[in-house]
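Coordinate analysis (summary)
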Amino acid sequence: MENIRIQDDLYTYVNQAKLDELVIPDDMPVAGGFATLSTDVEKLMIGEFNTMCKDASYPNDYLARACKLYALAKDVKRKKKHGIKPALKNLSVLKKITTLRSYNLRAKELIFRGIAMPISISVDANMKDTTHHCVMVQGPSVILPDVSYYSNDQQRDALLAMWSGSAKQILAIAGHSEEVIDLLIQDTLAFDAMVVKYVKSSEEWSEYTKMYNPMKTGRVAGMVKPLNLKKLLADLFGFVPEEIIVAEPRYFKNFKEVFNADTFGMYKNWAYVLTLVGSCSLLSEELRDLGGAFRRALSGIAANSSAEKFAYQLASGMYSEPVGLYYGEKYFGEEAKKDITEIVKQIVATYQKRIATNDILEQATKDKAILKLSKMGLKLAYPDRVEEIYDKLIFDESKSLYDIVASLRKVRMEENFAKLHKEVDRTHWAMPGHMVNACYDPFVNDITFPAAILQAPFYSIKQTRSENLGGIGAVIGHEISHAFDSNGAKCDELGNLNNWWTKADERKFNKKVNAMVKQFDGIELPWGTVNGKFTVSENIADNGGMAVTLDIMSGSEGVSFEEYFANWARVWCQKAKPEYQALLLQVDVHGPCYLRANMPPRNFPEWYETFGVKKTDGMYIAPSKRVVIW
């Protein structure tokens, strides 16, 4: 670029030409990078679905059901005919619940009907014993994207007024008078304001190990009276567990202020409105448009997605594993799978070497870290089978789309609750093959790389080794680094919460974590200020991914650091609406793409050596402020 030097701004130098030509689709808040790859996969699979539907030819029963759901969700006339009635019929149960006693008698039914509850109950792996499941409880969601949105009175009031405008239109279609609508909205906002005081913010949720707060069920039951928790648990599980995990202790300690005899009517109106607004995507196109208006405004999205796109997203989400398996087998070759497996194994081996030769950690800590790496599971491209739950996801095609999806969601809920009696399935894939993403599961200690992310610019057998290391290699290193970030470092090789650090090493590690927080905290961008604490785990992972792949680069012949850093910047290329950027700063633990490209390189000598970066350059930081953790 003529005006921008790579030494001042790697991200813009590499991506400016691409950014100039990128156009954000009307129905999206972002283009480029992950978003463009996701859109490409989506277009490809919509084509597949359309062909299957047209020919009435399906590779298996799962895809047949997915395509039938897709066709029903795409049928605009059929949805208009059903209108809002299916949702109102489901919600009519609230009218029959006139007392707290009748509420407790029907609480299980409300959960399975998908009606908003003052507490959320789920079954998950026990963080202290990850081979077994436990019951976890938490509070409800708030109307705005995060608790932090409520701290600014002007912003809060403006956004809630915007949300209320859409909700009022939906309630009018439901046949309510203006007077009733005003009362429903007033009660909903009042109940939401009480919830906001006590539920966690996104920053608090980012420290996910702090969700583990085991309490005797009797104690929690006392906290949540007049809700009869023991009866609800017995109804759901057939018995009352002795202990449950409370993810949000502050909310439960103050539960009686939110939910009591005086607020019960307010709760019912809140549950009615939130459930109805949340149901709109499954009703007529007019209601789908109204139901999504607030979300679109928050993200700067200009228009609603097409009925076809919505239908695909619904069907491919409900039947995610079979759809992902189909995509992976058809569009991802064995040659690529073999190549990516070798890259992953090399990165794990290099990571082990880096820890073994680490001159800061004590041997006892090193041994535990290497053990954890040796036990790490690798899930690459797509699974070799479809899980049993998909055999149960059968529906009656004569029903409305709303009722069909409600029945399928009920099956998923029942399956989740039934897990309490079973051991944790460590073969479960956290992401399907057609998803452009990757993840590390701290409570299983495995990494998942779906087939859809294993394409350019992240990875291609046509790209150079240097480009692949700067792309998918660094992303693989990123996910492995999550095993040793500010959260993952608290879990052992089996994924159990277990402090395996010596006290001295823990102090040194925390000091480096704090240095990483400071490196990002308070950076001002046009759309807001970066929260270094909120994003620290992802920043540690980016840093670790770069460290391990630069190590591989340094030990390889014929590599190009120019190509490595250029592709590193290329994978983060993204054009996004300012509203969406501002939203992500509040709710996304990942830092802005601009910083993900530009911050990590500054911590490594290879960056300075490759491009002759000097003190006067924009992408220089003093050696004393450089941070390398892994």
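A quick note: this is a predicted structure, and the numbers were derived from the prediction, not measured. (Residues numbered from 1 in each chain as written. Predicted model: local features only at pLDDT ≥ 70, side-chain atom pairs only at ≥ 80, totals over all residues. Heavy atoms only, no water.)

Contact geometry of helix α3 (residues 61-74) with helix α18 (residues 307-318) gives a least axis separation of 8 Å together with a crossing angle of 150 degrees. Relative to α18, the crossing made by α3 is right-handed. The residues of α18 that touch α3, namely those facing A66, L69, Y70, A73 and K74, are A307, E308, F310, A311, Y312, L314, A315 and M318. Its residues assigned to classes, the contact of α3 with α18 comprises eleven nonpolar, no polar and two charged. (Axes fitted to C-alpha atoms, helices over the stretch in contact; angles between N-to-C directions. Helix = DSSP H or I, 4+ residues; strand = E, 2+ residues; numbered from the N terminus. Left-handed = near helix turned anticlockwise from the far one by under 90°. Contact = heavy atoms within 4.5 Å. Nonpolar A, V, L, I, M, F, W, Y, C, P; charged D, E, K, R; others polar.)

With that out of the way, let us pick up the pattern of salt bridges. Evaluation of the coordinates by the stated rule reveals 26 salt bridges. E42 serves as the salt-bridge partner of K309, at 3.6 Å between the closest nitrogen and oxygen. Note that K309 is positioned in helix α18 and E42 in helix α2 (residues 33-55), a separation of 267 residues in sequence. One exposure class covers both K309 and E42, and it is buried. A salt bridge links E285 to K79; its shortest N-O distance comes to 2.8 Å. Here K79 lies in helix α4 (residues 76-82) and E285 lies in helix α17 (residues 285-299), a separation of 206 residues in the sequence. On the basis of relative accessible area, K79 is assigned to the buried category, the value being 4%. Among the charged side chains, a salt-bridge network with shared partners connects E203, E207, K210 and K533. (Salt bridge = Lys/Arg side-chain N within 4 Å of Asp/Glu carboxyl O. Buried < 20%, exposed > 50% of the residue type's maximum accessible area, 1.4 Å probe, protein only.)

Tallying each qualifying case throughout the model produces 35 aromatic pairs. Ring plane angle 90 degrees and centroid distance 5.4 Å describe the contact between F49 and Y70, whose orientation is recorded as edge-to-face. Residue F49 is located in helix α2, and its partner Y70 is located in helix α3; the two are separated by 21 residues in the primary sequence. With a relative accessible area of 0%, F49 lands in the buried category. Here the aromatic rings of F259 and Y267 are separated by 5.3 Å at their centres, their planes lie at 80 degrees, and the arrangement is edge-to-face. Using a relative accessible area of 0% as the deciding quantity, one classes F259 as buried. (Phe/Tyr/Trp six-rings, centres within 6.5 Å; stacked < 30°, edge-to-face > 60°.)

We now examine the packing of helix α24 (residues 465-481) against helix α26 (residues 536-554). Where α24 meets α26, the axes come as close as 7 Å, and the angle between the chain directions of the two elements is 135 degrees. With respect to each other, α24 and α26 are oriented oblique. α24 and α26 meet at a crossing whose hand is right-handed. Residues R465, S466, L469, G473, A474, G477, H478 and S481 of α24 form the contact with α26, whose own contacting residues are E538, I540, A541, D542, G544, G545, V548, T549, I552 and M553. By residue class, the composition of the contact of α24 with α26 is seven nonpolar, eight polar and three charged. (Parallel < 35°, antiparallel > 145°, perpendicular 65-115°, else oblique.)

For the rest of this paragraph, the subject is helix α13 (residues 229-237). Residues of α13 that are buried include every one of L229, L232, L233, L236 and F237, and no others. When α13 is viewed along its axis, its buried side chains cluster within an angular range of 105 degrees and face the same direction. Of the surrounding elements, those touching the buried residues of α13 are α8 (107-112), β2 (120-126), β3 (129-138), α12 (217-223), β5 (243-246) and α23 (401-418). In the segment just after α13, G238 is the residue with positive phi, at about 85 degrees. (Arc of directions from axis to C-beta.)

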